Amino acid sequence: MTDADTTARNRYFLIIGTRLAGAAGAILGLILIARSHATFPKVIGTALVLSALLMIATVPRALARRWRTPPEA
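This text gives an overview of the structure that appears in the document. (Residues numbered from 1 in each chain as written. Predicted model: local features only at pLDDT ≥ 70, side-chain atom pairs only at ≥ 80, totals over all residues. Heavy atoms only, no water.)

### Some details on the packing of helix 1 (residues 3-35) against helix 2 (residues 39-66)
Then step 1. One way to put it is that helix 1 packs onto helix 2 with a least axis distance of 7 Å and a crossing angle of 170°. When the interaxial angle is binned, helix 1 and helix 2 end up roughly antiparallel. Crossing of helix 1 over helix 2 shows left-handed handedness.
Then step 2. Along the lines of polarity and charge, the residues of the contact of helix 1 with helix 2 split into 19 nonpolar, six polar and two charged. (Axes fitted to C-alpha atoms, helices over the stretch in contact; angles between N-to-C directions. Helix = DSSP H or I, 4+ residues; strand = E, 2+ residues; numbered from the N terminus. Parallel < 35°, antiparallel > 145°, perpendicular 65-115°, else oblique. Left-handed = near helix turned anticlockwise from the far one by under 90°. Nonpolar A, V, L, I, M, F, W, Y, C, P; charged D, E, K, R; others polar.)

This is the structure in structure tokens:
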């Protein structure tokens, strides 16, 4: 494997890892919402779910845009 292939593979795994981390955060927030009886933990769980969904939607795209191959001149 060349150095470029290794770099591309590692970047792909990092993008997939951010998606999985966001999904895990959303699940954790849902568990927190479902198991709590007080208002404050439900608010924290809701914020965690919303921030995890935002992370799933924006971070992988930003990483892909940052690592995009520049167009040939």
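### Things to note about helix 1
Then step 1. Over its 33 residues, helix 1 runs 48 Å from end to end, which matches the ideal 48 Å to within 8%, given 1.5 Å per residue.
Then step 2. For helix 1, every residue scored as buried is listed here: I15, T18, G22, G25, A26 and G29.
Then step 3. Residues of helix 1 that are buried in the fold lie against helix 2. (Expected span 1.5 Å × (residues − 1). Buried < 20%, exposed > 50% of the residue type's maximum accessible area, 1.4 Å probe, protein only. Contact = heavy atoms within 4.5 Å.)

### A closer look at the packing of aromatic side chains
Then step 1. According to the stated counting rule, one finds one aromatic pair in the structure shown.
Then step 2. On the basis of an interplanar angle of 50° and a centroid distance of 6.0 Å, the ring pair of Y12 and F13 is categorised as tilted. Neither residue differs from the other here; Y12 and F13 are each classed as exposed. (Phe/Tyr/Trp six-rings, centres within 6.5 Å; stacked < 30°, edge-to-face > 60°.)

### Brief notes about helix 2
Then step 1. End to end, helix 2 covers 40 Å across 28 residues, agreeing with the expected 40 Å (1.5 Å per residue, within 8%).
Then step 2. Of all bends in helix 2, the biggest is about 30°, found at M55.
Then step 3. Along helix 2, the residues classified as buried are G45, V49, A52, P60 and L63. (Bend = angle between axes of the 7 residues up to and from the residue.)

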